[in-house]
Amino acid sequence: MKNKSTKDLQQLIQSTTIDKLDIIYEHITEYDFPTYLKTIMHNRNIKKSELIEKANLHRTYGYQILNGKKHPSRDKVLQLAITLQCNLEECNRLLTLAGHHILYAKNRRDSILIFSISRNLSLFEIEEYLEEYGQPLLVQYES
């Protein structure tokens, strides 16, 4: 039951009877942002230090995000998701778990991000597209 997709689980819940709900309920694992992020890191075989560096996060702040002590902004979540080469579904789930809205195709900046994430572009390549189209960058570079 733990490996069911969200869609499959939702269908199972909708079609179950009240006497079977307890069984389903006991097998649902709730994810919070740090847990889901660490699951993706584990699946991608990437270490915390490597992720923080490649995502262009300040070291201390990056570890605080990973440990759940700091709540990342939407752009920081996107930096992490892109660095982890998340697909659009994983990226949107990370955004949702972090309390942010998902990428929205009718938003110009988000449309560039959807395009880029769907093509598995690097953070650097995405920054170039954002700059080309006059959209705010994800990474706040210090001058």
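As a starting point, this report considers the structure included with it.

## A closer look at the environment of K48
Residue placement: K48 occurs in helix α4 (residues 48-54). Expressed as a C-alpha distance, the spacing of K48 and D19, which sit 29 residues apart in the sequence, is 43 Å.

## Some details on the pattern of salt bridges
Counting across every chain of the model gives four salt bridges. Of the charged contacts, one joins K54 and E50 as a salt bridge, the two residues approaching to 3.1 Å between their closest N and O atoms. In this pair, K54 and E50 both sit in helix α4, four residues apart, roughly one turn of the helix.

## Description of the state of the cysteines
Applying the stated criterion across every chain, the model contains zero disulfides. For C86, which is in no disulfide, the shortest distance to another cysteine sulfur is to C91 and amounts to 6.5 Å. The exposure class assigned to C86 is buried, which follows from its relative accessible area of 4%. C91 gets classed as buried once you look at its relative accessible area, which sits at 1%.

## Things to note about empty space enclosed by the protein
Counted according to the given criterion, the structure contains one cavity of 30 Å³ or more. In this structure, the largest cavity occupies an estimated 30 Å³ of space. A81, I82, Q85, C86, I117, N120 and L121 are the residues that line the largest cavity. Of the residues that constitute the lining of the largest cavity, the class distribution is five nonpolar, two polar and no charged.

## Here's the deal with helix α7 (residues 88-97)
Looking only at α7, the buried set comprises E90, C91, N92, L94 and L95. Contacts made by the buried residues of α7 are with α3 (33-44), α6 (74-83) and α8 (108-118). Downstream of α7 by a residue or two, G99 has a phi angle that is positive, lying close to 85°.

## Describing unusual backbone geometry
Of note in this structure, Q85 is not a glycine but carries a positive phi near 55°. Its place among the elements puts Q85 in the loop between α6 and α7. Notably, N120 is not glycine yet its phi reads approximately 55°, a positive angle. Along the chain, the position of N120 falls in the loop between α8 and α9 (123-132). Looking at N120, the relative accessible area reads 42%, which means it is partly exposed.

The rules we used
Position numbers for residues count from 1 along each chain, tracking the sequence in the order it is written. Under the rules for a predicted model, residues below a pLDDT of 70 receive no local features and side-chain atom pairs below 80 are neither given nor counted, while totals for whole chains, interfaces and linings still include all residues. Only hydrogens and water are set aside when side-chain values are computed; all heavy atoms of the structure are taken into account. For helices the rule is a DSSP run of H or I covering at least 4 residues; for strands it is a run of E covering at least 2, with both sets numbered from the N terminus onward. Throughout this description, the term salt bridge denotes a Lys or Arg side-chain nitrogen within 4 Å of a carboxyl oxygen of Asp or Glu. Criterion for a disulfide: a pair of cysteine sulfur atoms at a distance within 2.5 Å. Relative accessibility under 20% of the residue-type maximum defines a buried residue, over 50% an exposed one, and the middle range a partly exposed one, all with a 1.4 Å probe and only protein chains included. For cavity detection a 1 Å grid was placed over the protein atoms alone, and a set of points counts as a cavity when a 1.4 Å probe fits there but cannot get out; an open set counts as a pocket when protein lies on both sides within 12 Å along at least five of seven lines, with lining residues being those that have an atom within 4 Å of a point. Grid points are joined across faces, edges and corners, and a volume is the space filled by probe spheres set on the points. For this classification, the nonpolar set comprises Ala, Val, Leu, Ile, Met, Phe, Trp, Tyr, Cys and Pro, the charged set comprises Asp, Glu, Lys and Arg, and every other residue, Gly included, is treated as polar. Working rule for contacts: check all heavy atoms of both residues, and any pair within 4.5 Å makes them a contact.

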